[in-house]
Amino acid sequence: MDKLRLRFSKTGRAVYISHLDLMRTMTRAFLRAGCRLKYSEGFNPHPNISIALPLSVGCESLCEIMDFRLIEEKELDDILKSLSVQLPEGIEALEVYGAERKVKEIKWLKISGIFEYDERDAAEMTEKLNAFYSRESIVISKKSKRGVGETDIRPAIKEIGFAQEGNDVRLDAVISAQEPTLNPELIADALRQLTPETAPDFAKFRRLEIYDENMEVFR
Amino acid sequence: MDKRLERILPKVQKPARYTGGEYNQIIKDKADVDIRVAFCFPDTYEIGMSNLGMGILYSTMNELPYVWCERVYAPWGDMYEEMKKANVPLYALESGDPVSEHDVLAFSIGYEMAYSTVLDMMDMAGVPIHSADRTELLPLVIAGGTAALNPEPMADFIDIFLLGEGEEMNNELLEMLHEAKLDGWTKEEFLKKAAQIGGVYVPGFYTPILNNDGTIERFEVADGAPETVQKRIIADLDKANFPLNPIVPSTEVVHDRVNLELFRGCVRGCRFCQAGHVYRPIRSKSPELLVEQGKALLKNTGAQDITLLSLSSSDYRHLSGLCDGLLEYCEPRSIGLSLPSLRADNFSIEIMHRLQKTRKSGLTFAPEAGSQRLRDAINKNVTEEELLNTCRLAFEGGWNTIKLYFMLGLPTETDEDVLGIAKLANQVLHTWRLYAKNKNRGVRITVSTSCFVPKPHSPFQWESQNTMEEYIRKVNLLRENIRAKNVVYNWHDPQTSYIEATLSRGDRRVGKVIENVWRAGGRLEAWSDYFSFERWMNAFEDAGLDPSFYAHRPRAKDETMPWDVVDVGVRKAHLWHEREQAYKSELSPDCRKQCSACGAAKLLKGGKCDG
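Here the structure is a predicted model, which is why all the values come from computation and not from measurement.

This brings us to the overall build of chain B. If you tally the helices and strands in chain B, you get 20 helices and 19 strands. Each of the 611 residues in chain B was classed as buried or not, and the buried ones make up 61%. Of the roughly 23600 Å² that chain B leaves accessible, carbon and sulfur atoms contribute 49%. Here chain B contributes 73 positively and 86 negatively charged side chains, and the mean placements of these two sets differ by 6 Å.

Quick look at the structure:
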């Protein structure tokens, strides 16, 4: 059967399932759903599945996609229905369809975030955050496999805005999904490094939608 | 999710083990239940989720409509620190509610080194650790598991011990508690009535009276409580509830597969082995049912591996047919079937050939002792010839990794027996040289030794443990004599085994030691990351007790043991007879050859033991 694509969300308690654990969790859910995944050939066969843009532990998402192949023909709707009831709490299957576009065409991610301040005023912080992110260049130090390096995160942010939401500050942004990949955590990290007085006590993020280069929704 | 928890979880290792939400977890509406049980496992999630007993009892307790039983595990050190800092109390995984909101804290205690973690979990839940300080009926703290078969070291902390298999007994107790809660019984009233349930031991009703030398003279038993408490068993395993919808962890656990239990008990009677005696009589499940259950488990979980569990798989009468039945389902689906606890005989190799067609992982055998004389003394019914023959077949069949497990410090052991381990390893290597199919791949023989810990309810319960110095001397003797580069030697550190020996045959006074260790920060003591020998030594000193009294002192034949109040079925006279046989280096036939009338069959009440 052709390559298929599952679109799913990962929220609530499920956000703590790591990428590797999610692959195993998905494999098992497919088996329970009676959808037999195609396995790799070779000495140590494993199911051929791939989840695009690995999500950080703790981050919610409404727009995850996973590509897979089955060894037998099945109605797309049946796959979705049988899979839906087999997923752990917090993972919801949204759609199953033929994978036509290549995952590497994904370019932008729309995200939101909640910045929590325990002892500071949300309105004041909102103003300061907007001011900070209006800079043209935001160079921070970032740990990578090669050690600590300097990187400018601003070019990887297409749109960004902060608004007060109760006692918190809400972030809305469109950031680069790949090449380069911007981990949303860095938006809060930059504050910790450059203006600690505006850094939140806690920040959490959520992926809302994926787009291609032309800001068309990717499917 | 709790706001404080939301901030902690991103900071700790493997947070998915602290969140619940897994597939097949049991969620009930709080408003619909009267009794909430926090089923506590005094070790990490990864260990606890691999425990079949926990899975079974989680399911049976939740069968009661008025009970909601949830899981609780001990957090690893990083999470523990964060929870303390943020003032997050211990919580149950399903609801996320604090354990203090539950009516019952039920502990499954599988091994002695978990004792201090039991206290720690009570404390993290905000529950007073001493039974005497919990004057109300609720929360009730109960415990079971193998380590509870000598309940005395934990007697001051636990309200009720449940001895033996819990499928029926737990629910009988919960049913009574339901009535007690609705009718407003006092704790005292409840304990009195609960003591009448078979398998229930209420330590508060039993007072050990000591002799001047610290041994037990007798137990003073409160009015109405039974003189001895007989452990409970499930007579017919085919009819018992076996959960076919186990929870599927969303993160990796130790045994990441489904477990199918073949039988309980053991026909072998190895004299050092506690499990082989306390789980008697032998009761098997039918192969037809097992095939059916195995398939259902795999379907319901999506697991890609299944393990057949028992104390000695080779002794399951229908093993061959069962494997065929399961392989028919597993092979086309790339599902792995594994079979631990095999005896070193030809039959095992034949089975392994069928199971490991492509990937030949290692083979593991446990001769336990290096010489035939000592193997006879411990009643380990395996000969050198059998073992070498098995190795020959394995090498001819393409295996090239063999693990051999031994124990040091077994009663009657001499240096000659210790050196026998090195000799045996060399002979296995020699066998490989003679018979290996493909010598280019090399061979790896791993010899592991652990330190013998005398256990309650085993024929060696009267024995003295070797001192740590003696263990170290024996390890060094062996190290000097294992020279081949293909033979790797691993040994256990004797410090943990020494502490384990003090606890396993401890009396009620040892509770103070456990409490001292916990107060000094001791938790998760089974982990070398956290174990501190010094802390245990200090704890003994502060309690005014000598650890050597418990570990090294040989007991007299007629000494009253702390666990004599527990009747596991096997008679004490039988255990003593087996001990005497050991000193004569004489074998006893296994149960299938000849019943030794050990006494366990009485628990079946007329039913037939499958020995």
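Turning to the interface of chain B and chain A, a few remarks are in order. Counting from both sides, the interface comprises 32 residues of chain B and, opposite them, 26 residues of chain A. Buried area between chain B and chain A, summed over both chains or domains, comes out near 2500 Å², and the portion from carbon and sulfur atoms is 47%. If you sort the residues of chain B by the area they bury against chain A, R7, Y23 and Q304 of chain B come out on top, with a joint share of 26%. Linking chain B with chain A are seven salt bridges, by the criterion used here. For R7 of chain B, the salt bridge goes to E116 of chain A, with nearest N and O atoms at 2.9 Å. Summed over the shared surface of chain B and chain A, the number is 16 residue pairs in polar contact (both at pLDDT 80 or more). Mapped onto the side of chain B that touches chain A, the elements with two or more residues apiece are helix 1 (3-8) and helix 9 (287-301) of chain B. Partitioning the side of chain B that touches chain A into residue classes produces 12 nonpolar, 10 polar and 10 charged.

Residue and element names in this part refer to chain A. Partitioning chain A into domains gives domain 1 (4-100) and domain 2 (106-212). Centre-to-centre separation of domain 1 and domain 2, based on C-alpha positions: 29 Å. Each partner contributes to the roughly 1000 Å² buried at the junction of domain 1 and domain 2, and carbon and sulfur atoms together form 60% of this total. Among the residues domain 1 hides against domain 2, the three largest losses belong to L53, E60 and C63. Together they make up 53% of the total. Joining domain 1 to domain 2, the criterion identifies two salt bridges. Among the salt bridges present, the one from E64 reaches R207, with a minimum N-O distance of 2.8 Å. On the surface where domain 1 and domain 2 come into contact, there are seven residue pairs in polar contact (both at pLDDT 80 or more). Its residues assigned to classes, the side of domain 1 that touches domain 2 comprises seven nonpolar, three polar and two charged.

Here we take up the side chain of R505 of chain B. Residues and elements named next belong to chain B. Locating R505 in the fold gives a position in the loop between helix 16 (494-504) and helix 17 (510-519). For R505, which is buried and forms no salt bridge, the nearest opposite charge comes from E463, at a distance of 7.4 Å. A distance of 3.4 Å separates the side chain of R505 from the backbone oxygen of Y550, its partner in a polar contact. Polar contacts involving the side chain of R505 include one to the main-chain carbonyl oxygen of A551, which spans 3.2 Å.

Attention now goes to the packing of helix 5 (residues 115-124) of chain B against helix 17 of chain B. Residues and elements named next belong to chain B. The N-to-C vectors of helix 5 and helix 17 enclose an angle of 60°; their axes lie 9 Å apart at closest approach. With respect to each other, helix 5 and helix 17 are oriented oblique. Note that helix 5 runs across helix 17; the crossing there is right-handed. Taken together, the residues of helix 17 that come into contact with helix 5 (itself represented by Y115, S116, L119, D120 and D123) are I514, E515, V517 and W518. Its residues placed into classes, the contact of helix 5 with helix 17 shows five nonpolar, one polar and three charged.

The subject of this paragraph is the sheet that holds strand 5 (residues 160-162) of chain B. Residue and element names in this part refer to chain B. Strand order in this open sheet of six strands is 2-1-3-4-5-6, and the pairing throughout is mixed. Edge positions in the sheet fall to strand 2 (67-73) and strand 6 (200-201), since each has one partner strand and no second. Here strand 3 (residues 104-108) runs beside strand 4 (residues 140-144); their pairing, made up of five bridges, is parallel. Each residue of the ladder has a partner; that of F107, found in strand 4, is A143.

Here we come to the sheet that holds strand 14 (residues 336-338) of chain B. All names here are of chain B. The strand order across the open sheet formed by three strands is 10-13-14, and the pairing between neighbours is parallel. Each of the sheet's edge strands pairs with one partner strand only, and the pair in question is strand 10 (258-261) and strand 14. Taken pair by pair, the neighbouring strands of this sheet meet at an average axis angle of 20°, ignoring direction. Relative to strand 13 (residues 305-309), strand 10 runs parallel, the two sharing four bridges. By the bridge assignment, L260 is partnered in strand 13 with L308. Taken strand by strand, helix 10 (residues 319-330) contacts strand 10, strand 13 and strand 14, and its axis lies near 170° from that of strand 13.

Residues and elements named next belong to chain B. For the coordinates displayed, the defined rule picks out 18 aromatic pairs over all chains. Residues F452 and F460 carry aromatic rings whose centres are separated by 5.8 Å and whose planes lie at 85° to one another, so their mutual orientation is edge-to-face. Here F452 matches F460 in class, with each residue buried. The interplanar angle of 85° and the centroid separation of 5.0 Å between the aromatic rings of F549 and Y550 together place this pair among those described as edge-to-face. Y550 sits in the buried class, given a relative accessible area of 2%. Directly above the aromatic system of Y58 lies the positively charged group of R71, at a separation of 5.9 Å from the ring centroid. The side chain of R553 reaches across the aromatic face of F549, ending 4.1 Å from its centre.

The subject of this paragraph is the pattern of salt bridges. Scanning the entire structure with this criterion turns up 68 salt bridges over all chains. Across the salt bridge formed by R7 of chain B and D118 of chain A, the nearest N and O atoms sit 2.7 Å from each other. With R7 of chain B in helix 1 and D118 of chain A in the loop between strand 5 (106-116) and helix 3 (122-132), the pair connects residues from two separate chains. For R7 of chain B, a relative accessible area of 23% gives the class partly exposed. The shortest N-O distance in the salt bridge between R579 of chain B and E463 of chain B comes to 2.6 Å. Here R579 of chain B is found in helix 20 (residues 572-583), whereas its partner E463 of chain B is found in the loop between strand 17 (444-451) and helix 15 (468-481), with 116 residues between them in sequence. Exposure class is identical for R579 of chain B and E463 of chain B. Each is buried. One continuous salt-bridge network, built from bridges that share partners, spans D21, R24 and R28 of chain A together with E252 and D256 of chain B.

Below, the discussion takes up the packing of helix 17 of chain B against helix 18 (residues 533-542) of chain B. Residue and element names in this part refer to chain B. Running from amino to carboxyl end, helix 17 crosses helix 18 at an angle of 130°, the nearest separation of the two axes being 8 Å. Comparing their axes, helix 18 and helix 17 come out oblique. Relative to helix 18, the crossing made by helix 17 is right-handed. Here V513, I514, N516 and V517 of helix 17 lie close against helix 18, whose contacting residues are R535, W536, A539, F540 and D542. Broken down by class, the residue content of the contact of helix 17 with helix 18 amounts to six nonpolar, one polar and two charged.

About the thresholds
Residues numbered from 1 in each chain as written. Chains lettered and ligands numbered in written order. Predicted model: local features only at pLDDT ≥ 70, side-chain atom pairs only at ≥ 80, totals over all residues. Heavy atoms only, no water. Helix = DSSP H or I, 4+ residues; strand = E, 2+ residues; numbered from the N terminus. Buried < 20%, exposed > 50% of the residue type's maximum accessible area, 1.4 Å probe, protein only. Areas by Shrake-Rupley, 256 points an atom, 1.4 Å probe, with all protein chains shown as cover. Lys, Arg positive; Asp, Glu negative; His and termini not counted. Charge placed at Lys NZ, Arg CZ, Asp CG, Glu CD. Contact = heavy atoms within 4.5 Å. Buried area = accessible area lost by both parts, 1.4 Å probe. Salt bridge = Lys/Arg side-chain N within 4 Å of Asp/Glu carboxyl O. Polar contact = N/O pair within 3.5 Å; in protein donor to acceptor, adjacent residues only side chain to side chain. Nonpolar A, V, L, I, M, F, W, Y, C, P; charged D, E, K, R; others polar. Domains from an automatic or database assignment. Axes fitted to C-alpha atoms, helices over the stretch in contact; angles between N-to-C directions. Parallel < 35°, antiparallel > 145°, perpendicular 65-115°, else oblique. Left-handed = near helix turned anticlockwise from the far one by under 90°. Pairing = 2+ DSSP bridges. Phe/Tyr/Trp six-rings, centres within 6.5 Å; stacked < 30°, edge-to-face > 60°. Lys NZ or Arg CZ within 6 Å of the ring centre and 35° of its normal.

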